[in-house]
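Overview (structure and organization)
The primary structure of each chain is shown beneath.
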Amino acid sequence: MKSVCVFCGSSPGNNPVYADTARELGRALAAQGLTLVYGGGRVGLMGEVASAALVAGGAVVGVIPHSLALKEIAQEDCTELVVVNTMHERKALMADRTDAFVALPGGYGTCDELFEILTWGQLGIHRKPVAILNTNGFFTPLLTWLDHVVTEGLLKPKHRALLLVADTVPELLTKLTSWIPAEPTTKWVEPEER
């Protein structure tokens, strides 16, 4: 693993622990020589993780749509700042440039990115680890909902297992580096499931 893509909020949130943990993750990625790939912003949790990685001497690749860069929220001192035309291009490029995905606390955009990349994993479009850093139990309601979706028969347990969960940065990095991909699915629906 050489790079980690981080999805997170463009706001800092109300609890200072979210920014503290974002900075801890940025420093840890830099310390392990892992390139941070992220949404290119200098605001909110995005700015915290990127700034911390840069200050610690890490490599940071920011990918930001032109419309957001025009609003002067781009982290201009990234190791590499890539400006794209659309959000779709942003997500595709971030996915191509990374070996693993992590979601920190965030809102709609973070959830959109997390669920799209999980769906791509489910469909076999990529075979990379996807994790959430459950800082202060932020994602616990979401995890409860995912378990409910499994119970209701709308998500297979093997696909629920695609989402790794860690409560601390060291646990997160251990899970990402030790992750072994499942065998690729050859059929979407098995005969007995029809």
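Above this text you will find the structure in question.
Every chain is numbered on its own, with residues counted from 1 as its sequence reads. Local features in this predicted model are restricted to residues of pLDDT 70 or higher, and side-chain atom pairs are both shown and tallied only at a pLDDT of 80 or more, whereas totals for entire chains, interfaces and linings draw on every residue. The side-chain values count all of the structure's non-hydrogen atoms but skip hydrogen atoms and water molecules.

Regarding the pairing of strand S3 (residues 60-65)
Taken across its six residues, S3 has six buried, putting it largely inside the fold. Here S3 shows a buried face lined by Val60, Gly62 and Ile64 and a second buried face lined by Val61, Val63 and Pro65. Note on pairing: DSSP must find at least two bridges between two strands before they are called paired. Secondary structure follows DSSP: runs of H or I at least 4 residues long count as helices, runs of E at least 2 residues long count as strands, and numbering of each begins at the N terminus. In this structure, strand S2 (residues 35-38) lies alongside S3, joined through three bridges in parallel fashion. Looking across to S3, one finds that Tyr38 is bridged to Gly62. Type-normalised accessible area, obtained with a 1.4 Å probe on protein chains alone, sets the label of each residue: buried when under 20%, exposed when over 50%, and partly exposed for intermediate values.

Some thoughts on the side chain of Gln75
Secondary-structure assignment places Gln75 in the loop between helix H3 (66-70) and strand S4 (80-84). Any pair of N or O atoms that falls within 3.5 Å is considered a polar contact. Within protein, one atom must be able to donate a hydrogen and the other to accept it, and sequence-neighbouring residues count only if both atoms are side-chain atoms. Within the structure, Gln75 has its side chain in polar contact with the side chain of Ser51 (distance 3.3 Å).

Re the packing of helix H4 (residues 87-96) against helix H5 (residues 108-122)
One way to put it is that H4 packs onto H5 with a least axis distance of 12 Å and a crossing angle of 55°. Here H4 lies oblique to H5, going by the angle between them. As H4 runs across H5, the sense of the crossing is right-handed. Residues Lys91, Ala92, Met94 and Ala95 of H4 form the contact with H5, whose participating residues are Asp112, Glu113, Glu116, Ile117 and Trp120. Any residue that is not Ala, Val, Leu, Ile, Met, Phe, Trp, Tyr, Cys, Pro, Asp, Glu, Lys or Arg is counted as polar, Gly included; the first ten are nonpolar and the last four charged. A per-class count over the contact of H4 with H5 returns five nonpolar, no polar and four charged. Only the contacting stretch of a helix is used when fitting its axis, a line to C-alpha atoms as for every element, and angles between N-to-C directions run 0 to 180 degrees. Relative orientations are named as follows: roughly parallel for angles under 35 degrees, roughly antiparallel for angles over 145 degrees, roughly perpendicular for angles from 65 to 115 degrees, and oblique for any other angle. Helix crossings are classified by the rotation of the near helix relative to the far one: an anticlockwise turn of less than a right angle makes the crossing left-handed, while a clockwise turn makes it right-handed. By definition in these notes, contact holds between two residues if any of their heavy atoms fall within 4.5 Å.

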